[in-house]
Amino acid sequence: GLTAGIVGLPNVGKSTLFNAITKAGAESANYPFCTIEPNVGIVEVPDERLKTLTGLVKPKRTVPTVFEFTDIAGIVKGASKGEGLGNKFLSHIRQVDAICQVVRCFADENITHVAGKVDPLADIETINLELILADLETVDKRIDRVGKMAKQKDKDAMFEYEILARLKETFEAGKAARTLSFTEEEMKVVKQLHLLTIKPMLYVANVGEEDVANPDDNPFVQQVREFARNDHAEVIVVCAKVEEEIAQLDDEEKELFLQELGIEQSGLDQLIRAAYSLLGLATFFTAGEQEVRAWTFRKGMKAPQCAGIIHSDFERGFIRAETVSYDDLVAAGSMAAAREAGKVRLEGKDYEVQDGDIIYFRFNV
Ligand code: GDP
């Protein structure tokens, strides 16, 4: 599955956040296919629609879909020079599909800051520089190879060379590859480079308890937001310490605690939703008497592929997908009523599944 890696300088709150993730963790009984490694945290994707569907269908059980975070610990500074753990750090980042960079925005005199003071932009720069330097090295190596062929007027080499030159210039200006725009054709070439700075980035501004209700009063949060805009990255605000507490509460207690804090959604829930959409993921549902269940798919997937997420037999023997949109089903009030109102469509193999679709797959065995 797709995973988002959690990175950050020492003492910014990574472990605290990762603890919150594992404590809030999904019940593994429902997800026997997930092998849980110590640095992987699997969380349920919060989705109000699942509650509503459960209310409508009244199934025996309800199963949310899950999302995986990977804790990428390890040193950061000097990583691109390949010193010991540094190499390992970068190779871990290479394996994740998106990066969640925890940034310290809380002031606490008792907790040492590695750079001596709270300065989120300097922290971001420290980490990003290592990623950019690693990418620059990748591109330089490739330029060595492709450059000669480009000089001999090899068409493909010339095409690639132009892209490499543009990337090099960007890295030398201290910017990430994701700040460039590429055509589909160019993107195919870029993908083969396995760059680190092309991955979607989410800055997780870790604020103190006092800022939870009004995080934008914290000037550091403002700075991070401003930076992220130019970095083609996203920002969410959490208080890792508070999230660790919330993660231990049951649903009812959680609701009350959030009210007390004056927020609607926990920081962790926002983080999960943000990482999920950053990866281009969406949710379809199956809804029967036995089970109402949410499933993760990649936007753009066709109906048979989505059937295959449930079971490979469903994809192989796919006939059609009986589909109703979430809004139509809720408006109709029941599956039977939606059917009567003609809202249940028979979709074929070319149908692009939409976020919120409730699907019943028909297939041959
Ligand atoms: P890591 O080195 O990035 O994994 O950082 P830790 O999660 O170990 O956190 C470092 C210290 O900062 C710990 O003492 C945490 O309790 C504290 N800390 C983490 N998040 C917060 C926060 O949101 N507010 C405050 N006040 N302290 C925090």
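In this numbering scheme, every chain counts its residues from 1 along its sequence in written order. Whole-chain, interface and lining totals are the exception, using all residues; otherwise, since this is a predicted model, local features are given only for residues with pLDDT of at least 70 and side-chain atom pairs are given and counted only at 80 or more. Working from all heavy atoms in the structure, the side-chain values ignore hydrogens and water.

S.K.: Give me the overall build of the protein chain: which residues, what numbers.
M.R.: Within the protein chain, the secondary structure is distributed over 14 helices and 12 strands. Radius of gyration here uses only the C-alpha atoms, and the compact-globule reference equals 2.2 Å multiplied by the residue count raised to the power 0.38. Taken against the 2.2 N^0.38 rule, which gives 21 Å for 365 residues, the C-alpha radius of gyration of the protein chain at 23 Å falls within 12% of a compact globule. Taking all 365 residues of the protein chain together, the buried fraction comes to 47%. Here, residues are in contact when the closest pair of their heavy atoms is within 4.5 Å. Expressed as a percentage of contacts within the protein chain between residues at least 6 apart in sequence, the contacts between residues at least 24 apart total 69%. Summing over all exposed atoms, the protein chain offers an accessible surface of approximately 19100 Å²; the carbon and sulfur share of this is 49%. Counted as positive: Lys and Arg. Counted as negative: Asp and Glu. His and the chain ends are not counted at all. Working definition for charges: the position is that of NZ of Lys, CZ of Arg, CG of Asp or CD of Glu. Averaging the locations of the 43 positively and 60 negatively charged side chains of the protein chain gives two centres separated by 7 Å. Think of it this way: any DSSP run of H or I at least four residues long counts as a helix, any run of E at least two long counts as a strand, and we number them from the N terminus. Type-normalised accessible area, obtained with a 1.4 Å probe on protein chains alone, sets the label of each residue: buried when under 20%, exposed when over 50%, and partly exposed for intermediate values. For accessible areas, the Shrake-Rupley method is used with a probe of radius 1.4 Å. Any residue's cover is judged against the shown protein chains and nothing else.

S.K.: An account of the confidence of the model for the protein chain is needed here, citing residue identities and associated values.
M.R.: For every residue, the predictor states its confidence as a pLDDT score lying anywhere from 0 to 100. Put simply, the protein chain has an average pLDDT of 91, and 93% of its residues get 70 or more. Confidence estimates for the predicted assembly give a pTM of 0.90 and an ipTM of 0.95.

S.K.: Which residues make up unusual backbone geometry, and what values do they have?
M.R.: Although it is not a glycine, Lys153 sits at a positive phi angle of roughly 65°. Although it is not a glycine, His232 sits at a positive phi angle of roughly 50°. Classification of His232 by relative accessible area gives partly exposed; the value is 48%.

S.K.: An account of the sheet that holds strand E2 (residues 40–44) is requested, with residue identities and associated values reported.
M.R.: Backbone hydrogen bonds are what pair the strands of a sheet, in a parallel or an antiparallel way. As summarised here, the arrangement of the six strands in space is E2-E4-E1-E5-E6-E7, forming an open sheet in which the pairing is mixed. With one partner strand each, in any of the chains shown, E2 and strand E7 (234–238) form the two edges of the open sheet. The mean angle between the axes of side-by-side strands here comes to 25°, regardless of whether they run parallel or antiparallel. Bridge count for strand E6 (residues 201–206) against E7 is five bridges, and the pairing is parallel. Residue pairing in the sheet places Tyr203 in a bridge with Val235 of E7. Contacting strand E1 (3–7), E2, strand E4 (66–71), strand E5 (98–104), E6 and E7, helix H10 (residues 267–278) runs over the sheet at an angle of about 165° to E7. We treat two strands as partners when DSSP finds at least two bridges between them. Axes, fitted as lines to C-alpha atoms, cover a helix only where it is in contact. Angles between the N-to-C directions of the axes lie from 0 to 180 degrees.

S.K.: So what about the site of the ligand? Which residues, and what values?
M.R.: Taken together, 17 residues lie around the ligand, and Asn11, Lys14, Ser15, Thr16 and Asn206 are the ones closest in. Contact distances for the ligand include 3.0 Å between an oxygen atom and a side-chain N or O atom of Asn206. The fraction of the free accessible surface of the ligand (570 Å²) that becomes covered by protein chains is 79%. For the shell around the ligand, the secondary-structure elements that each account for two or more residues are helix H1 (14–23) and helix H8 (240–246). For the shell around the ligand, the leading source of residues is H1, giving three residues. Proximity criterion: a residue is near a molecule or strand once any of its heavy atoms comes within 4 Å of it. Polar contacts, as used here, are pairs of N or O atoms within 3.5 Å; protein pairs need one atom able to donate a hydrogen and one able to accept it. Residues neighboring in sequence count only if both atoms are side-chain atoms.

S.K.: Which residues make up the pattern of salt bridges, and what values do they have?
M.R.: By salt bridge we mean one thing: a side-chain nitrogen of Lys or Arg within 4 Å of a carboxyl oxygen of Asp or Glu. Applying the stated criterion to the full structure yields 22 salt bridges. Linking Lys23 and Glu244 is a salt bridge whose minimum nitrogen-to-oxygen distance equals 3.6 Å. Of this pair, Lys23 sits in helix H1 while Glu244 sits in helix H8, placing them 221 residues apart in sequence. Residue Lys23 is classed as partly exposed on the basis of its relative accessible area, which comes to 42%. Accessibility expressed as a relative area gives 19% for Glu244, which makes it buried. Beyond isolated ion pairs, a larger network of salt bridges with shared partners links Asp47, Arg49 and Asp355.

S.K.: Break down a negative patch on the surface for me, citing the residues and quoting the values.
M.R.: A grouping of Glu44, Asp250, Asp251, Glu252, Glu253 and Glu255 is seen on the molecular surface, where their side chains present a negatively charged patch. Turning to its location among the elements, Glu44 is positioned in strand E2. Patch rule: a residue counts if its relative accessible area is over 30% and it has no salt bridge; like charges are joined within 9 Å, and nonpolar side chains (Val, Leu, Ile, Met, Phe, Trp, Tyr) within 5 Å.

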